[in-house]
Each structure stands twice: as C-alpha cells, then as structure tokens.
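A look at the structure
Spelled out, the chains give:
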Amino acid sequence: MPVSIRQGTSPDGRRRELRRDLPLVHHGVGGDVTVGRLEVVFHDGLVQADLRDMRVGGLALLAVSFLLLGGATLLAVRHVVARPLGRLRESLLRNASVEARDPLVWRGRDELGEVVGAYNQLLAEIDQRARDMQQMASHDSLTGLPNRQLLEDRLGHAIAVAERQGRMIAVLFADIDNFKVVNDSLGHKQGDRLLAITAERMTAVMRGMDTIARWGGDEFVVVIENVASPGEASNVAEKLIEAVGGPIALHSSLLRLGVSIGISLYPQDGRDVTTLIKNADMALFEAKGRGRNTFHFFDQAMNARALKRLDTEVALRQAIPLGQLELHYQPKLRTRDGGLAGAEALLRWRRPGQGLVPPGEFIPQAEESDLIVAVGEWVLRAACAQIRAWQAAGLGDVPVAVNLSPRHFQNERDVDLIVEVVAAAGVSPSLIEIELTESTLMRDPEQAAALLRRLRDRGFAIAVDDFGSGYSNLSYLRRLPIRTLKIDRAFVADIGVGDEEDGAEIVRAIIAMARALGLDIVAEGVETEAQWRFLAACDCTMVQGYYLSRPLPVAEFEQMLRARAAASPGPVPRVAAALPAAVPG
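Everything quoted here is computed from the prediction, not taken from an experiment. (Residues numbered from 1 in each chain as written. Predicted model: local features only at pLDDT ≥ 70, side-chain atom pairs only at ≥ 80, totals over all residues. Heavy atoms only, no water.)

1. Re empty space enclosed by the protein
Inspection of the entire model under this criterion finds two cavities of 30 Å³ or more. The space that makes up the largest cavity amounts to roughly 50 Å³. The wall of the largest cavity is formed by Gly376, Glu377, Leu380, Leu404, His408, Leu417, Ile418 and Val421. Taken together, the elements giving at least two residues each to the lining of the largest cavity come down to helix 10 (371–392) and helix 11 (412–425). Looking at the lining of the largest cavity, its residues break down into five nonpolar, two polar and one charged. Considering the residues around the second largest cavity, the lining is formed by Ala158, Val161, Ala162, Gln165, Arg167, Met168, Ile169, Glu225 and Asn226. Elements that contribute at least two residues to the lining of the second largest cavity include exactly helix 3 (148–165), strand 4 (168–176) and strand 6 (219–227). Among the residues making up the lining of the second largest cavity, the classes are represented as five nonpolar, two polar and two charged. (1 Å grid on protein atoms, 1.4 Å probe; cavity = no way out; pocket = protein on both sides within 12 Å on 5 of 7 lines; lining within 4 Å. Points joined across faces, edges and corners; volume = space filled by probe spheres on them. Helix = DSSP H or I, 4+ residues; strand = E, 2+ residues; numbered from the N terminus. Nonpolar A, V, L, I, M, F, W, Y, C, P; charged D, E, K, R; others polar.)

So, in structure tokens, the structure goes:
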C-alpha cells in the first residue's frame, strides 16, 4: 500500500511537522477492501523555538562576557604593562637628549622588572663609557695628567680670571734631560715607566689648584695661578728639579735625571695661551743651552734668537741637496819625524749670502734634530769620495778621521750602514777613523763596546775625541776596542801658560796612561811652538792644531800633499814651515 510522507511547518511557523498517511485495508476472502485512511502527524512541539531562543540568548551572553573580559584585560594591561612601558619610553627619550640619565624604579620581580633592570644596567654602562671617553679625550693615558687640550682650556680660564683680578700667572715648560738616551738604551717600556714616575714626582710638589699636564713626549707644562712674584715661580722650578733629580731604579739601574725648565709670566711675557706656552718653550731652550738641569725666564731677546734658529734649521735642511756643505781637512802630524799621519775631516757650511758658517752655529742645532743623521752620512760619503780622489791623483793613501754623532750608534743597523757606505765607495776601512766623544761611549759602555767591535773587526780605527772632558770609567776604557785617544784642547791650552802646570801634568798623565794601554795619542788644539815641543818631549804620538795648519779646503790640502811629496822629511821647524801659515781664530 502506498504511504505518503510530507514535511513542513505548522501554520504559525513555530513547529516542524512530519506527516504520514496510511490507508486502512481490510483483507477478506473476496479481496482487500479499503475501509479508510490514517494520518499521523509528528512534530517537535515548542522545543525548536526554545532552542533558538536559548541559542540567541547564549550568544548574546557570551558576547557580553567577551566584551567585559576584553575591557578588563585592556585595563589590566594598561595598568601593568602600558604605563611602565610609557615611563620607559619617556625615560629613553629624556636620557637620549640630556647628559644626566635617571634610572627607572621598578619594585616588581616579574619579567618587566628584568627589562627595567637590564635598562638601568645599560644606562650605567653608557655613563661609564662616557666618563672613560671624556677622560681619554682630556687626559694622557700614560701618566693620567691633563693633556694638551685640557691644559689650554684651563690656562685660558686662568688668564680670564687673572685679567679680571689683576693677578700674575706663571707657565713652566719642563723637559727631561737626555730622556732619549734612556729610552733608546733601556727600551720604550722602561721609558714609559720613567715618564710615569716623573709625573708622580712633579705632581707631588704642586698645589692642588695648579695644573700640571703632559705636553707630549718627555715635555710637561705647569700652570701656577695667583703668583705673587717671579721668585715664587723660580721656587717652584727648583722644587721640580729637586723632585725629578732623585734616584730612580729602572731595569737594574739606578738613574739620576735632570730636568730643564723655561718660565714665562702673564701678563708681561704674553696675554694669550699660545704666546705664553711658546715663550716658555723658548726659555726652556735657553735653559738647555746653559748646561741643562736648570731653569730660565723668558726675555724678549729670545724671540730674535728663536727666529734665527728656525731660519738656520730650514736653510740647513736644504744645504745637502743644494750642495752647500763641504769638508775641510786639518793635518795630523807625527811628533817623532814630522810626517803626515792623516787628517781630520771638519764640516763647513758655505751658506749663500753669509759665506762660511762656523760649525758651532749649526752643528749643535743639527744634533738636536734628526738632521745630524743625514749630515753625518753625507760627511762619511764625502770623506770616502775624497780619499778615492787623492788615490786617483797619485797622492797616496791619506787616513781620514770622521766625527760621528751618538745617533749613528744606536743599534747594529746604524753600524752596518757605516760599513755599507765605505764599502760602496771602494775605500779600505783602514783609512777611516771613527771619532766618538767620551760622553757618547760612557752613556752605555756595554752597547758601545759591542757596536765598536763590529767596526774594528771590519778594519776601522776607533778614536775617543775630547778625552778628559767627561768622566771616563778606566775599566770600561780598557775594554773598549779603541786605538787612539785625543786629548781635549782645554788641557793643551794650559801648557806653557804662566805658572799654571796643572794642564801640563794632566797631559803627561793621559799620555802615560795611553802608552800603558797600548793606545796612540793625539793632542788637538796645538797653537804654539812651546806646546808642540812639550808634546814631542812627552812622546805624544800625533798633534794637530793651528800652529801646524788650520783646516784646509780640498784644493789647499792637495797642494800641501803635493809639496810634502816633493820635499824630504826634515826637523819639526821645516815641517811647520812647509805648511800654510797658521791663522788662529
């Protein structure tokens, strides 16, 4: 039987219905007879509407709950996170724009507290780095003293105060004497330690209100404010000299240093920073020229001398490339027969417009700069070239003594350069005698002995110049590989002068000592016949001086060589007469 099924909603739309129509059939003998129909209606009643209403209400309630929870969360975040982060942001902006930086305060131990702690630590590191950079920018890293920039700032401020109050300021420019010798012999590390010790000693004798700064190298500048008189500045200078001069133990050596000081005063010596420091520096140069380890006040005459020194240095730097230097040769004679034993090469500067400049006017200045190295090398090359020229002219082998600076004996490379120059010229080292002053050898006898042995082993002769003018250690003198001693002219000058016999006795003692050590002896500065005869009687090996001959230009020295080659050796008077007339001065 067919069954009809229908779905739909009730007329009010609140229910869903399911209808089923079933026919009623009577099954009889004669067949099935439909007697009616049965309609069954299934529906959900009021459940659907209630569920819908409940669902809508639940969703509304859930939305309201979410809104309330989100608002509460936002308020909590604002209170717990946003506000501290806002303070952190304001602190960052403020600390980035000002020098003073304030740390954040956060008492919680949560994650935000860790952030604030890290931020405060970063601030502390930044402040420390800033202080370190400021210290490095204004102070010397080795001594801890103010550097040049800070010194100039403080001196400028002191000048402004002194100008308003009508007070005096003293500027002291100090330089450690012979610091380079210590630095080269003991090494830069010990040199740095020496500078630090010197800075400590100088600071210890200064007032707290005064400024002491490291100007550079081994130079220091002291600014003394409220100076009552120049005498007060000189008292401070004496205290500094005394403090620095105490014994210093360095590298198993006990050293005593000197310090030279130049002083300028405000307002009489300058009214600005640059002028005061410049004038104090000029006064320092004057102090060094007066024997070192002393002080000197600036005076206006120093300006002219400083300008002259500057002009001389500039011109001297051009003298070599312009061919203005030349060598003169002073003969050295043997006392036993008057024969020519050799010559000493003496440097001369033929400066355009000034003629022949005396060596005393430019050699000391060259010694104070790097010029002396180039000048010494030029002298050695020129002497070697002249020896070759005399050999080529048939005038024989003439030994030549060459004076070299201590700068040429600082290390093995310097000695090797001497050997290379002579070898390149094709000259036998036996014809070159290297003259060094007594003070040069005694600065570091061990090093001097090692370097001079290298020269001796290659055939060079070594002579000690101006012997007796320093403080030789005779035990070291015996160990040095020297061949000749040259008696200082000051002792020779005393021979035969009035009733003074000290000079003559010293000369006798030096000659006797040299003979005992197996050394040749040369007396320089012989200017009278009495001195000549005295030295000959004492068996002095060789002599040189204006009595025998002044230093001669190359042409005149060659003329003398040719004249002596043509003449027979004779007694001393004939030897003296055969030479050009002496021209003392």
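And the narrative resumes.
2. Notes on the packing of aromatic side chains
A full pass over the atoms with the stated rule returns six aromatic pairs. Summarising the aromatic geometry, the rings of Phe295 and Phe297 are spaced 6.2 Å apart at their centres and angled 85° between planes, so their arrangement reads as edge-to-face. A relative accessible area of 21% places Phe295 in the partly exposed class. You can call Phe297 partly exposed: its relative accessible area is 24%. Both rings, one in Trp349 and one in Phe362, keep their centres 5.6 Å apart while their planes meet at 80°; by these two values the pair is edge-to-face. With Trp349 in strand 12 (residues 340–351) and Phe362 in the loop between strand 13 (355–357) and helix 9 (363–367), this residue pair connects regions lying 13 residues apart in the sequence. Residues Trp349 and Phe362 agree in their burial class; the two are buried. Chaining the aromatic ring pairs together yields one cluster made of Tyr329, Trp390 and Phe557. (Phe/Tyr/Trp six-rings, centres within 6.5 Å; stacked < 30°, edge-to-face > 60°. Buried < 20%, exposed > 50% of the residue type's maximum accessible area, 1.4 Å probe, protein only.)

3. What about the environment of Pro429?
Following the sequence through the fold, Pro429 ends up in the loop between helix 11 and strand 15 (432–437). Taking the relative accessible area as the measure of exposure, Pro429 reaches 24% and is therefore partly exposed. As a C-alpha pair, Pro429 and Arg456 span 27 residues in sequence and 9.0 Å in three-dimensional space. The residues touching Pro429, leaving out its near neighbours within four places in the chain, are Val422, Arg458, Gly459, Phe460 and Ala461. (Contact = heavy atoms within 4.5 Å.)

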